[in-house]
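As a plain string of letters, each chain reads:
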Amino acid sequence: MTEPGRPRRLVGTKTVVLIAVFCAVATASITALLVNIMERKQEARNPFYRVVELDDTVTDPAMWGKNFPLQYDDYKRTVDQQRTRYGGSEAVARTPTQADPRSVVAQSRLEEDPRLKIMWAGYAFATDFREERGHAHMLDDQTFTERQHVAAQPGTCIHCHGSVYVPYKKLGDGDLIKGFEKMNAMPFAEARKLVEHPVSCIDCHDPTNLQLRVTRPGFIEGIAALKASQGVPGFRVNQDATRQEMRTYVCGQCHVEYYFKGKDKRLTYPWAKGINIDQIMAYYDEDGHTDWTHQLTGARVLKAQHPEFELYNQGIHARSGVACADCHMPYKREGAMKVSDHHVRSPLLNINRACQTCHKWSEAELMDRAQTLQTRTFQTRNIAMDALVDLIRDIEAAQKTGLPEDALAKARDLQRRAQFYLDFVEAENSMGFHADQEAVRILSNSINFSRLGQNALRPGPAQAPP
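As the structure is a computational prediction, the values presented were derived from the model and not from experiment.

Q: Looking at this structure, I do not really get the overall build of the protein. What am I missing?
A: The number of helices and strands found in the protein is 21 helices and 8 strands. Computed over C-alpha atoms, the radius of gyration of the protein comes to 29 Å, more than 25% over the 23 Å expected from 2.2 N^0.38 for 466 residues, which places it beyond the range of a compact globule. Seen through its principal axes, the protein has C-alpha atoms that stretch 135 × 55 × 55 Å. Counting over 466 residues, the protein shows a buried share of 47%. Considering only contacts within the protein whose residues lie at least 6 apart along the sequence, 65% involve residues at least 24 apart. Split by element, the accessible area of the protein, about 23,600 Å² in all, is 56% carbon and sulfur.

Written out as structure tokens, the structure is:
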């Protein structure tokens, strides 16, 4: 009767051993998991290692990159050139020269659409205008553009093409605004010597706490004027804006419409009456500003710059509280850390993180929706461009026939409006996506101004040519 008991005791021993092994493995696994969690939490508490000390004088992004290698690696990727259907740039090879060392440039918009030369006749942009490239190219492309050879460009241009915070402070003996005013009045070549880098970390971040900040005086003054027009006097952007607003304002420092005011070429954002195009046009009418006199018609016309901030503010994303950075610098995970992608680019090149966070459709569907909006805008833009060119040609012809000056003056004023409204969408880099209905409304107004300008040239009983 003792023989059968041996196997049972043996089985019981094996069971105990297996349970012990399982418990040991489980304990080790749980311990490893807890250690990993603790490490990740520690990473989250210490998002960077302070390798170098940063202060308000360090403009070199490579120095910031020692403390923030993930963001710096992304920042360096803005050298790439990848286009979408209606934006971005192809890499066009060129032979470097002593005057222009660039070996690659973007394709010429003037070659893509020669009508632009007619619209900008007599202005530097009719000489050289190229597709946009990444932030890494912003300083060199302004320095070596052919526009520098046909017009005396002021130091004001550096405001949005270089890391100017420290140069402004140095010029102004610590006063940002005074340094800004001094650089505005300089010739571009002289101001260029004071700037070493394109937009850098210091232009958007406080080195002591890494908080977002606005460093461009043009925006500081412009947003204060805009808020005052909305009944909020004395707005101080770096003290009064919310964090989510700052995630748009740091981009709006430069991606805006502006003009050079007075003989000192003071950079000014025309927002004192509001930020939509009708309010901006009313501001220019009251101010009397003109960028140049059109070579073919004699009209005193305006050149729109790159009003992404203005058009975005008329769109559904702004209305919904979506910031520029949400789409162009979306968050991503690096270990336990949540960081903004500093490879600033079109959301259409990064749909997964830029769009699908909110929009739960396939990448193909979202791409199709975006391109449909852009195609409709582009088609309307072409109609407006044809209408403007027709008006310019008609004014040229009317001048030769001796049409009365009052009729010519009315047609020229309508050219000014048609041209600015068209250029507002042409210069804005989303091909209408930032506010598609507003973009088409603006272009429709441009078409109407061109039509009214042509009507003004029709000889009637009171204005028959002699």
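Continuing now.
Q: I keep staring at the side chain of H342 and nothing clicks. Help me out?
A: Structurally, H342 is set in the loop between strand 8 (337–340) and helix 18 (351–354). In contact with H342, not counting residues within four places along its chain, are Q71, D74, Y75, T78, H205 and M329.

Q: How do you make sense of the pattern of salt bridges when you look at a structure like this?
A: In total, this model carries 36 salt bridges according to the counting rule given. One salt bridge in this structure joins R130 and D128, with 3.2 Å as the shortest N-O distance. By relative accessible area, R130 is classed as partly exposed at 33%. Owing to a relative accessible area of 7%, D128 belongs among the buried residues under this scheme. Note that D326 and R247 form a salt bridge whose closest N and O atoms lie 2.5 Å from each other. Residue D326 is located in helix 17 (residues 324–328), and its partner R247 is located in helix 13 (residues 243–252); the two are separated by 79 residues in the primary sequence.

Q: Would you take a moment to explain the packing of aromatic side chains for this structure?
A: To describe a pair of aromatic rings, you give the distance between the ring centres and the angle between the ring planes. Per the counting criterion, the structure on display carries 21 aromatic pairs. Centre to centre, the rings of Y421 and F449 are 5.2 Å apart; their planes meet at 75°, and the pair counts as edge-to-face. Here the residue Y421 occupies a position in helix 20 (residues 405–427), and F449 occupies one in helix 21 (residues 436–456), the gap between them amounting to 28 residues. The burial state of Y421 is the same as that of F449; both residues are buried. Each residue in the set W120, Y123, F125, F129 and W292 is aromatic and connected to the rest through ring pairs, giving one cluster. The positively charged end of R147 is found above the aromatic ring belonging to F125, 4.2 Å away from the centroid. Here the basic side chain of K303 rests over the ring of F125, its NZ or CZ set 4.8 Å away from the ring centre.

Q: I keep staring at empty space enclosed by the protein and nothing clicks. Help me out?
A: Empty space among the atoms becomes apparent when a probe as large as a water molecule is rolled across them. Under the defined criterion, the tally for this structure stands at 1 cavity of 30 Å³ or more. Lining the largest cavity are T156, C157, H159, C160, H161, Y258, F260 and L267. Tallied by class, residues from the lining of the largest cavity come to 5 nonpolar, 3 polar and no charged.

Q: How do you make sense of the nonpolar core when you look at a structure like this?
A: If you look at soluble globular proteins, the nonpolar side chains tend to sit buried side by side. If you look at the biggest cluster of nonpolar residues, it comprises 76 residues, and the most contacted ones within it are F219, I223, V237, Y249, W271 and F420. Among the elements that line this core, the one with the most residues is helix 20, at 8 residues. Sequence-distant contacts of W271, defined by excluding residues within four places in its chain, comprise F219, G222, I223, A225, L226, S229, V256, E257, I280, F309 and E310. The next biggest cluster of nonpolar side chains, apart from the first, holds 9 residues, and it includes L391, A398, L403 and A407.

Q: Looking at this model, I keep getting lost on helix 20. Mind explaining?
A: Since the α-helix advances by 3.6 residues per turn, residues separated by three or four positions end up pointing in the same direction. With 23 residues, helix 20 extends 31 Å between its outermost C-alpha atoms, agreeing within 8% with the 33 Å of an ideal straight helix rising 1.5 Å per residue. For helix 20, a buried count of 18 out of 23 residues is recorded, marking the element as mostly surrounded by other parts of the structure.

Q: When you look at the packing of helix 11 (residues 217–229) against helix 13 in this model, what are you seeing that I'm missing?
A: A pair of packed helices can be characterised by two numbers: the angle between their axes and the separation between those axes. Between helix 11 and helix 13, the shortest axis-to-axis distance is 10 Å and the interhelical angle comes to 125°. Relative to helix 13, the element helix 11 lies oblique. For the element pair helix 11 and helix 13, the recorded crossing hand is right-handed. Together, F219, I223 and K227 of helix 11 and E245, Y249 and G252 of helix 13 make up the contact between the two elements.

Q: Explain the pairing of strand 8 here, please?
A: In summary, the side chains of a regular strand alternate between the two faces of the sheet. Judged from the 4 bridges that link them, strand 7 (residues 331–334) and strand 8 form a sheet pairing that is antiparallel. Among the inter-strand pairings, Y331 is bridged to a residue of strand 8, identified as S340.

Q: Please explain the layout of surface pockets as it appears in this structure.
A: Roughly 350 Å³ of internal volume is contained in the second largest pocket. Around the second largest pocket, the lining comprises 19 residues; the ones closest to its centre are Y249, F309, Y312, N313 and A318. For the lining of the second largest pocket, a count of residues per class yields 9 nonpolar, 7 polar and 3 charged.

Q: In this structure, what is going on with the packing of helix 19 (residues 363–401) against helix 20? I would like to understand it.
A: Running from amino to carboxyl end, helix 19 crosses helix 20 at an angle of 155°, the nearest separation of the two axes being 10 Å. Judged on the interaxial angle alone, helix 20 and helix 19 are roughly antiparallel. Seen along the crossing, helix 19 lies across helix 20 with a hand that is left-handed. Across the interface between the two elements, T377, R381, A384, M385, L388, L391, I392, I395, A398 and Q399 of helix 19 pack against L408, A411, R412, L414, Q415, A418, Q419, L422, V425 and E426 of helix 20.

Quick notes on the rules
In this numbering scheme, every chain counts its residues from 1 along its sequence in written order. Side-chain atom pairs in this predicted model are given and counted only at pLDDT of 80 or more, local residue features only at pLDDT of at least 70, and totals for whole chains, interfaces and linings cover all residues. Calculation of side-chain values draws on the structure's entire complement of heavy atoms; hydrogens and water are dropped beforehand. A run of H or I in DSSP becomes a helix once it reaches four residues, and a run of E becomes a strand once it reaches two; helices and strands are each numbered from the N terminus. Using C-alpha atoms as the atom set, the radius of gyration is obtained and then compared with a globule rule of 2.2 Å times the number of residues to the power 0.38. Burial here depends on accessible area, computed with a 1.4 Å probe over protein chains only, as a share of the maximum for the residue type. Under 20% is buried, over 50% is exposed, and the range in between is partly exposed. In what follows, residue pairs with any heavy atoms lying within 4.5 Å of each other are defined as contacts. All accessible areas in this document rest on Shrake-Rupley with a 1.4 Å probe, and a residue is counted as covered only by the protein chains that are shown. Salt-bridge detection follows one rule: a side-chain nitrogen of Lys or Arg within 4 Å of a carboxyl oxygen of Asp or Glu. Pairing of aromatic rings covers Phe, Tyr and Trp, the last through its six-membered ring, and needs centres within 6.5 Å; plane angles under 30 degrees mean stacked, over 60 mean edge-to-face, and all others mean tilted. Ring-over charges, as used throughout, are those where CZ of Arg or NZ of Lys falls within 6 Å of the ring centre and within 35 degrees of the ring normal. As defined here, a cavity is a set of points on a 1 Å grid over the protein atoms alone where a 1.4 Å probe fits but cannot get out. A pocket is an open set with protein on both sides within 12 Å along at least five of seven lines, and residues line them when an atom is within 4 Å of a point. Grid points are joined across faces, edges and corners, and a volume is the space filled by probe spheres set on the points. Classes in brief: Ala, Val, Leu, Ile, Met, Phe, Trp, Tyr, Cys and Pro nonpolar; Asp, Glu, Lys and Arg charged; the others, Gly included, polar. By convention a nonpolar core is built from buried Ala, Val, Leu, Ile, Met, Phe, Trp, Tyr and Cys residues, the set being connected through side-chain atoms within 4.5 Å. A helix is expected to span 1.5 Å for every residue after the first. Helix axes are fitted only over the stretch in contact, all axes being lines through C-alpha atoms; the angle between N-to-C directions runs from 0 to 180 degrees. Angle categories are assigned with fixed cut-offs, so that under 35 degrees is roughly parallel, over 145 is roughly antiparallel, 65 to 115 is roughly perpendicular, and the rest are oblique. Crossing chirality is assigned from the near helix's rotation relative to the far helix, an anticlockwise turn below a right angle marking it left-handed and a clockwise turn marking it right-handed. By definition, two strands form a pair when at least two bridges between them are found by DSSP.

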